[in-house]
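Breakdown of the fold
Take a look at the letters that make up each chain.
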Number of protein chains: 2
Amino acid sequence: MNPVRNPEELADKVLGAIKAVAGLDSAMLHEPTFQGNEWKYLKECLDSTFVSSVGKFVDQFEVELASYTGAKYAVAMVNGSAALHMALLLAGVVRDDEVLIPALTFVATANAVTYCGAIPHFVDSEKQTFGIDIDKLSAYLQANTLQEGGNCINRVTRRVIRAIAPMHVFGHPSNLEGLLKISKDYNIALVEDAAESLGSQYCGRHTGTFGIVGALSFNGNKTITTGGGGALLTNSLELARLAKHLSTTAKIPHQWEYSHDCVAFNYRMPNLNAALGCAQLEILPKLIEAKRKLALEYRNSFSGIEGVSFKLEPENCRSNYWLQTIILDSKHANTRDRILEKTNQSGFMTRPVWNLLHKFKQFANSPKMDLSGAIDLEKTLINIPSSAHLGMGN
Amino acid sequence: MNPVRNPEELADKVLGAIKAVAGLDSAMLHEPTFQGNEWKYLKECLDSTFVSSVGKFVDQFEVELASYTGAKYAVAMVNGSAALHMALLLAGVVRDDEVLIPALTFVATANAVTYCGAIPHFVDSEKQTFGIDIDKLSAYLQANTLQEGGNCINRVTRRVIRAIAPMHVFGHPSNLEGLLKISKDYNIALVEDAAESLGSQYCGRHTGTFGIVGALSFNGNKTITTGGGGALLTNSLELARLAKHLSTTAKIPHQWEYSHDCVAFNYRMPNLNAALGCAQLEILPKLIEAKRKLALEYRNSFSGIEGVSFKLEPENCRSNYWLQTIILDSKHANTRDRILEKTNQSGFMTRPVWNLLHKFKQFANSPKMDLSGAIDLEKTLINIPSSAHLGMGN
């Protein structure tokens, strides 16, 4: 491996390695792939006139999603944010609770906490999984919480820490064994933000099925899309029923009467969007294979470049490689922005990880632990073009 | 007119009058009509791969919706509940405020108030419009509120009454002149729940354009549908921009960086749903004409039946007749349930108005005025089959 002499040279090499895999012209960060029955099912949905919150596709989508993930139940939602909000409600999060979430996640995780009237409590991440740093969190909770009446109490704020919502970043599973242990040891409900990890497994089991409830997203940039959409995964019949009830205005079933037994939401995925989802689920295994093949191609393409490494799936995990990622060596962190500029200017869309959430002014008063792991990752991660069709030999 | 001798006879006559207009076999309460470019635009959207929160149809839908309604700006939302929530936020509703809403409305109006952390304050309705009883409300506010620092304060609860959210019930415009006067006299922001009134005008101006902001719905049962969807109408550029910002996670525009400057929402209508909406908007004038023709047919059909009257549009209004409605004379109120049973059992879907919201346990602690007008209406209103195609001579 030849040493890199200056930032421009590294940026050139990164661009070259991307182009070698993603083609010579340009590439988006992530485009959907429609190669199956998308047209057919949309037309069938339209012809039925059942395009809204009731229809066969939304029921079918739930059944097939449960089957694919191995969750006992899936409940379709209007988008990933709605699914996350609902997941936290089902976990019992109420006003003035705290919810442990990584500082290194998309803002939707934190927003969903605030929709419950609760407060995000930011925890650190580590570089093996890009997920929550379990050892560091264990030590932090040991020192900073106490147990009272079966609840985990923050010693400083005196608030209940009700839930922990890890995010499987870019599709790489977090350390779920460690998270389950923390959940059990500290009486903190585990809610998985699996928005990015449809198709990703931890020890052979699908992400989103380890916690009380998991939340998926089918936004346009995800592995499969329903236009906008999301879903809850759970193994509890009671929670699945409650999720459906709360996502359909808590209407009590009756032929003509309109009664509602609690404050609730209009969070049901429309049948039109589910029609697209049913077709996308059919090609999901093919999309995952293409994304995994793309990862291998990137690994090879970046293997000869000093100072940058391609992110492979964590041990014992099978990742969907939703967003393909390279990591700069710390000494090259100051080259990150030049690489972003050069690649985007050349038509190959790249981006850094999200700005860490604890820095946003709306979360300035949120509690947080030492976040040095996340801060290091923020400086050195770059996502590169990741569409499934790039791994399909197109 | 022959006097009705017993409940069974009245139920028979109502069923007969419905069948005379809606056909001999069966009729849903409200089905969508797809007769235009629905499939063409859906296919075009799919072929573009832009099915999610960015795309030409969602922008086009906003422009055409503004043009049709005469609002300066329209901002597409994921559904009517999201639009209502956003509308209240834009009107400045914050935690522990009160919002005046009719007890006689769909539960979404009240739920949206609670999403802001605010409290619904139930007000009475009258039979000319099915909307808020202005005279009664004026007297109530005079007696029960005071002005402090430009805010309207509830004398009993000491909370700020921040907004009033009238609902244009079944598409019939409320008394907007009276509502504007109350808004001005008492410093209470006017937010129109126009979920049911797309195409309805008050004094020649479209509902939803009188208040600071109005909220529309395009749910599957509405005059036009996007599967699920809603929109805000406003004449304020500042509020329109804020609505779009807050409905797209408050992301600050940047080529690759992810920063968000406040707690916000994933409330944007997907492009896929907007594609359907663009096609539906094209046939909206035709749908409204059909629904108005259907109203005339029902008026004639019910004109000979003693004890029941067909609801016509309020004075100076042009109604979309979203849900066609009959009103029983008070002395026949006890026949309502028999009529509902008989018609539904015969395949002609009918329903009463929503159960009044102040009776639900989740709103048991909400303030309310005397609601005798709404209570009378609840006992005597029945919606009858209202699909546009019934007025198209099919």
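Residues numbered from 1 in each chain as written. Chains lettered and ligands numbered in written order. Predicted model: local features only at pLDDT ≥ 70, side-chain atom pairs only at ≥ 80, totals over all residues.

A few words on the nonpolar core. With 269 residues, the main nonpolar core has A:Leu88, A:Leu232, B:Leu88 and B:Leu232 as its most contacted residues. Setting aside chain neighbours within four positions, we find B:Leu232 in contact with B:Ala74, B:Val75, B:Met77, B:Ala83, B:Met86, B:Ala87, B:Val213, B:Ala215 and B:Ala243. (Core = buried A, V, L, I, M, F, W, Y, C linked by C-beta atoms within 7 Å. Buried ≥ 20, exposed ≤ 12 C-beta atoms within 10 Å, placed from the backbone. Contact = placed C-beta atoms within 7 Å.)

Here we take up the relation of the copies chain A and chain B. A rotation about some axis, followed by a shift along it, carries one copy of the chain onto the other. Superposing chain A onto chain B requires a rotation of 180° together with a translation of 0.0 Å along the rotation axis, leaving an RMSD of 0.0 Å. Such a combination of rotation and displacement between the chain copies is what one expects of a two-fold axis. Interface overlap between copies: 100% of the residues of chain A at the interface are likewise at the interface in chain B, consistent with a symmetric, same-surface contact. (Least-squares fit on C-alpha atoms with pLDDT ≥ 70 in both.)

Now for the domain arrangement of chain A. Residues and elements named next belong to chain A. When its domains are assigned, chain A resolves into domain 1 (7-32 + 283-391) and domain 2 (38-282). Just the C-alpha atoms count here: the centres of domain 1 and domain 2 sit 25 Å apart. Listed by partner, the interface residues are 35 residues for domain 1 and 47 residues for domain 2. Contributions of two or more residues to the side of domain 1 that touches domain 2 are made by helix 9 (271-302), strand 13 (317-318) and helix 11 (372-380). A total of five residues in the side of domain 1 that touches domain 2 trace back to one element, the largest contributor, which is helix 11. Tallied by class, residues from the side of domain 1 that touches domain 2 come to 20 nonpolar, 10 polar and five charged. (Domains from an automatic or database assignment. Helix = DSSP H or I, 4+ residues; strand = E, 2+ residues; numbered from the N terminus. Nonpolar A, V, L, I, M, F, W, Y, C, P; charged D, E, K, R; others polar.)

Bringing the sheet that holds strand 13 (residues 317-318) of chain B into the picture now. All names here are of chain B. With antiparallel pairing, three strands are arranged side by side in an open sheet as 9-8-13. Looking at strand neighbours, the two that pair on one side only are strand 9 (205-206) and strand 13, the edges of this open sheet. Sheet analysis places strand 8 (residues 201-202) next to strand 9, joined by two bridges and oriented antiparallel. Each residue of the ladder has a partner; that of tyrosine 202, found in strand 9, is arginine 205. (Pairing = 2+ DSSP bridges.)

Two orientations exist for strands paired in a sheet by backbone hydrogen bonds: parallel and antiparallel. Residue and element names in this part refer to chain B. If you walk across this open sheet you meet the four strands as 12-14-16-15, and the pairing is antiparallel. Looking at strand neighbours, the two that pair on one side only are strand 12 (308-310) and strand 15 (351-352), the edges of this open sheet. Where strand 14 (residues 324-328) lies against strand 16 (residues 381-384), four bridges are found, and the strand directions are antiparallel. Within strand 16, the residue paired with isoleucine 327 across the bridge is leucine 381. Sheet strands touched by helix 9 (residues 271-302): strand 12, strand 14 and strand 16. Its angle to strand 12, the strand with the most contacts, is close to 160°. (Axes fitted to C-alpha atoms, helices over the stretch in contact; angles between N-to-C directions.)

Each regular strand displays side chains that alternate between the two surfaces of the sheet. Residue and element names in this part refer to chain B. Summarising burial for strand 1 (residues 73-77): five of the five residues are buried, a large majority. Here strand 1 shows no split at all, with Tyr73, Val75 and Met77 on one side and Ala74 and Ala76 on the other all buried. By the bridge criterion, five bridges tie strand 1 to strand 11 (residues 230-234) in an arrangement that is antiparallel. Across the sheet, residue methionine 77 finds its bridge partner in strand 11, namely glycine 230.

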